[in-house]
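Fold and geometry: a report
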Amino acid sequence: MARVLNIKQFVIFIILFIICFLFTVSDSLPQVQNQKCMICHGKPDISKKREDGSVKMLFVNDSMLLHSAHSKITCYDCHNDIVEITALGHKKNINKVQCTRCHYDNNPVGAPETEKYREFQESVHQQELNNGNPKAPVCQTCHGSHDILHAKTLSSLELKKKITQTCGQCHLDIYTTYKSSVHGKAIFDKNITDVPVCTDCHGEHTIKKTDDPESSVFKTTVYSTCGSCHASEKIVEKYGIKADKFKTYESSYHGIAVQFGEKTAANCASCHGIHDIRPQNDPASLIHPDNIVKTCGKCHPDANANYAKGRIHINPHSEESGSIYYISSTFKWLTIITLTLLAIHVILDLVRKLKHKRAK
Amino acid sequence: MTDNNNIQNKIEKEVEKRLKEKLSAIESQIRNEVKEEIEREIKTEEAAIEKTAAEEEPKEKYFIRFGWNFRFQHIVLLTSTIMLILTGIPLKFPKNSIMQVIIEWFGGPASARSIHHFFALGLIFIGIYHLIYSFWSRHGRKDFYELLPSLKDFSDVFNQIKIYLGLRKEKVKYGRFSYVEKFDYWAVYWGLIMMIGTGMIMWLFQGRFDPVIFGEISLKFGPDMITNYVHAIAREMHSDEALLATLVIIGWHFYNGHLNPHKFPMSKVWLNGKISEKDIKEEHALEYEKIMRKRKEKEANNKGDNN
C-alpha cells in the first residue's frame, strides 16, 4: 500500500522545494553571478597602472550595468578568458572583449546581428586598426562597454548631442569647430534635431576616408549628401533656407563639372566650409560678402570685387531671379515658336516630296 | 589502153571541178563570218564612242554654285559648330549617360572645355573672315546683296505654302538664294553674334582662357570689366541659344540639306560647289534664267566682235 503524505509533511515539502528553486534561480541571475567580480570591481578607486605609466580605472558601476543593453548577461560571457578567480584576483593581461563572440549571423544566444558589423570591416577605422594604429576605435570606443545602451533608449536630441561628443573624444578639434558652426549652434543652443551631426554626413559603420571615392563626403559626391537635407523643402524651408539651392548648384558650371567627375570643381564645402559652415551674415562665414573674393580666390586667382557683385545660386525658372528669369523664358518661347514653325514647314515639304516621288 | 587513159583524165577533171566548188562554198562561209566579225567590232567601237560622249555630255550640264572660298568657309563653320555642340551641349544634360560618355571621350570636363575654347577660336576666325569676305571680295559682296531679305521672300513663303496645301499649281521661281537659305544664313548671323558675345563675356570673367593647343592664356583685365551678375546673364543666354541653334541645325538644316527625299543622303553642293541643270531649273529658276540670258548676251557680243 502506498504511503500517502499527510498535509503537514506535504506543506514542508513544498516549502523546501520553493526554497531550493529560489536558490537555483537566484544563483543563475546575472547580478548574483557577478557578485564575485563586484567584490573588487565595485570599489570606485580600483585601477591599474599600464606599462606606459598611464592609469586605467577598473571600476564597474553595478547599477549602470543592470540598466544597460547587456543587463541579462554575466561578466564571464564577455570576459570569457577569466576562468579562475582566487582571493588574489584573476590572471593578468586579460584580452580585450570581442563583440563578435556573440554578434554574428544566426548566433544561438539571440544577439542582434545586422549589416553594420560587416560594414565596419570596410570602414576607415577598421583600416586603421589593421594598420596597427593604437588609437583606432573598436566597437566599445563608440558604443561604451559596461554602460552600453540601445540607441532607442535615448531621445533623438540626446542621441545626436551624444554622437558629437562620442566622435569628439578623438576628433576634438573638429568637435570644437563644429560646435560653433551653424549646424552645431542649432543643435546645442536651439535644440533643433533636424540638424546633421557627424554620422549624418560621414555615415556610421560605413565611414570612409574623405579621399575614398566611396565616401559620402568625397569631392564629387558630397553635394548629394548635403542635398539629402538641403534639397528637401520639408526640412530646410522650416528654417528659412531655400530648397532650390541644391538644384541651382547642380545646374551651375561647378555642379555640372562635379557630376562629370571633375574633382577640382567647387562643391558645397569649397565655398561654404566643412565643419565650420556659418550663416552668410556671420563675419567669419566664408560666404560673408567681405570674404567672397577670398573664397573664390582659392580656385580663381584673378577673382576681384566683381565676383561678389550678383548672386550665386540663381534659379532661372523662378520669377525672383529677375532679369535671368525673363531671359530664360524669352528664349524658351523663342525656341518653342521657331521650332514649331520650322517643323510645320518640314512636314509640309516632306509630305509633298514623298507624293512627288511616288507619282514618278 | 587509151580507154584507160580517158577514164583517168575524166576522173581528174571531175575531182578538180568538185574541189573548186567545195572550196568556194567554204570560202564564202568564212567570208561571211569575217564580215560579221568586222561588223560587230565596228558596232562596239561606235557604242564606246557614244558612251564616252554620253559621259562627257552631263559635265557641261552642271553649274558652279559655290566657289572654293564659299565652300572653305562653310567647312570651317560646320567643323567648329559640330565640335562646339559636342563639347557644349552635354553640359545641359549632366545626368544623361550618353552625354557622360561623350565628355569622357573628350577626356573629362576640363579637357572638353579646352577643346570647346579651341573651336570657339575657329568660330570667331570664320566670323571675322566672313565679314571681310562679304565686303572685300567681289563674289562675297554679290552674294551678300543676294542674301539680303526682300519683300519677294515673304510672298515666296506664302506661295510655297499654297503649293504645299495644293492651292497652287505653278512653281515658285527662286533667285540665287531661296527664303530657306536666307533664313539659314541670317540664323547663323544671329547665332554667331549671340554665342561669341556671351562666350567672350564668360572667358573674360574667368580671367583665364585655355584653348587646347595654345595653353593657358591669362586675361587678367577680364574680371575688372565683368561682374558676376553680367556673367550669370551671359551664361543663361549662351546655354539657351546653344540649345535653340542645335535644334534648328538638326531639325531644319539637316532636313533641307540631307534628309529630305529629294537630297537624301546629302546634297554634294557644299563639297564640289556644283549643281545640275535639272536642280538649278527647279530650285533657282530665276538664277538659271539670269545665267542663260548672260550667256546669250556674251555669245551675241562675241559674234559681233568676230564680224
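Residues numbered from 1 in each chain as written. Chains lettered and ligands numbered in written order. Predicted model: local features only at pLDDT ≥ 70, side-chain atom pairs only at ≥ 80, totals over all residues. Heavy atoms only, no water.

1. Side note on the overall build of chain B
- Counting its secondary structure elements, chain B contains 12 helices and four strands.
- Scaling as 2.2 N^0.38, a compact globule of 307 residues should have a C-alpha radius of gyration of about 19 Å, whereas chain B reaches 36 Å, well beyond that.
- Overall, chain B is about 145 × 55 × 45 Å in size when its C-alpha atoms are taken along their principal axes.
- Within chain B, the fraction of its 307 residues that count as buried is 35%.
- In chain B, of all internal contacts separated by at least 6 residues, the share reaching a separation of at least 24 is 67%.
- Element-wise, carbon and sulfur atoms account for 63% of the exposed surface of chain B, whose accessible area totals about 20600 Å².
- Taking the average location of the 44 positive side-chain charges in chain B and that of its 41 negative ones, the two points are 5 Å from each other. (Helix = DSSP H or I, 4+ residues; strand = E, 2+ residues; numbered from the N terminus. Rg over C-alpha atoms; globule rule 2.2 N^0.38 Å. Buried < 20%, exposed > 50% of the residue type's maximum accessible area, 1.4 Å probe, protein only. Contact = heavy atoms within 4.5 Å. Areas by Shrake-Rupley, 256 points an atom, 1.4 Å probe, with all protein chains shown as cover. Lys, Arg positive; Asp, Glu negative; His and termini not counted. Charge placed at Lys NZ, Arg CZ, Asp CG, Glu CD.)

2. A few points about the domain arrangement of chain A
Residue and element names in this part refer to chain A.
- Entries for chain A in the domain assignment read domain 1 (14-44 + 67-91), domain 2 (96-141), domain 3 (152-207), domain 4 (208-313) and domain 5 (319-347).
- Each of domain 3 and domain 4 was reduced to a C-alpha centroid, and the two centroids are 21 Å apart.
- Contact with domain 3, which involves 15 residues of that partner, is made by 13 residues of domain 4.
- Interface area for domain 3 against domain 4, summed over the two sides, is near 1200 Å², with a carbon-plus-sulfur share of 56%.
- Looking at the side of domain 3 facing domain 4, the largest losses of area belong to Val 182, Asp 194 and His 202, adding up to 35% of the total buried there.
- Our count for the contact surface shared by domain 3 and domain 4 stands at one salt bridge.
- Where Asp 194 meets Lys 238, a salt bridge forms, and the shortest distance between an N and an O atom there is 2.7 Å.
- The interface formed by domain 3 and domain 4 includes six residue pairs in polar contact (both at pLDDT 80 or more).
- When residues of the side of domain 3 that touches domain 4 are traced back to their parent elements, those giving at least two are helix 9 (172-179), helix 10 (182-188) and helix 11 (198-202).
- Residue composition of the side of domain 3 that touches domain 4, grouped by class: six nonpolar, seven polar and two charged. (Domains from an automatic or database assignment. Buried area = accessible area lost by both parts, 1.4 Å probe. Salt bridge = Lys/Arg side-chain N within 4 Å of Asp/Glu carboxyl O. Polar contact = N/O pair within 3.5 Å; in protein donor to acceptor, adjacent residues only side chain to side chain. Nonpolar A, V, L, I, M, F, W, Y, C, P; charged D, E, K, R; others polar.)

3. A closer look at the packing of helix 18 (residues 323-359) of chain A against helix 9 (residues 228-259) of chain B
- Orientation of helix 18 of chain A relative to helix 9 of chain B, taken along the N-to-C sense of each, is 5°, at an axis distance of 10 Å. Between helix 18 of chain A and helix 9 of chain B, the angle falls in the class roughly parallel.
- Looking at the contact of helix 18 of chain A with helix 9 of chain B, its residues break down into 17 nonpolar, six polar and four charged. (Axes fitted to C-alpha atoms, helices over the stretch in contact; angles between N-to-C directions. Parallel < 35°, antiparallel > 145°, perpendicular 65-115°, else oblique.)

4. Concerning the layout of surface pockets
Residue and element names in this part refer to chain B.
- The calculated volume of the second largest pocket comes to roughly 670 Å³.
- In terms of lining residues, the second largest pocket is bounded by 23 residues, among which Ile 64, His 139, Lys 142, Arg 176 and Glu 287 are the most central.
- At the level of secondary structure, the elements contributing two or more residues to the lining of the second largest pocket comprise strand 1 (62-64), helix 2 (68-88), helix 5 (138-147) and helix 12 (285-306).
- Ranked by the residues each element gives to the lining of the second largest pocket, the list is headed by helix 12, at six residues.
- Grouping the constituent residues of the lining of the second largest pocket by class yields eight nonpolar, four polar and 11 charged. (1 Å grid on protein atoms, 1.4 Å probe; cavity = no way out; pocket = protein on both sides within 12 Å on 5 of 7 lines; lining within 4 Å. Points joined across faces, edges and corners; volume = space filled by probe spheres on them.)

5. Quick word on the packing of aromatic side chains
- Scanning all chains against the criterion turns up 19 aromatic pairs over all chains.
- Ring centres 5.7 Å apart and planes at 50° place the aromatic pair Tyr223(A) and Tyr249(A) in the tilted group. With Tyr223(A) in helix 12 (residues 222-230) and Tyr249(A) in helix 14 (residues 245-250), this pair connects stretches of sequence that are 26 residues apart.
- Its relative accessible area of 11% is what places Tyr223(A) among the buried residues.
- The exposure class assigned to Tyr249(A) is buried, which follows from its relative accessible area of 9%.
- Taken together, Phe135(B), Phe144(B), Tyr185(B), Trp186(B) and Tyr189(B) form an aromatic cluster joined through their ring pairs.
- Here the guanidinium or amino end of Lys179(A) rests over the ring plane of Phe188(A), the centre of that ring lying 5.1 Å away. (Phe/Tyr/Trp six-rings, centres within 6.5 Å; stacked < 30°, edge-to-face > 60°. Lys NZ or Arg CZ within 6 Å of the ring centre and 35° of its normal.)

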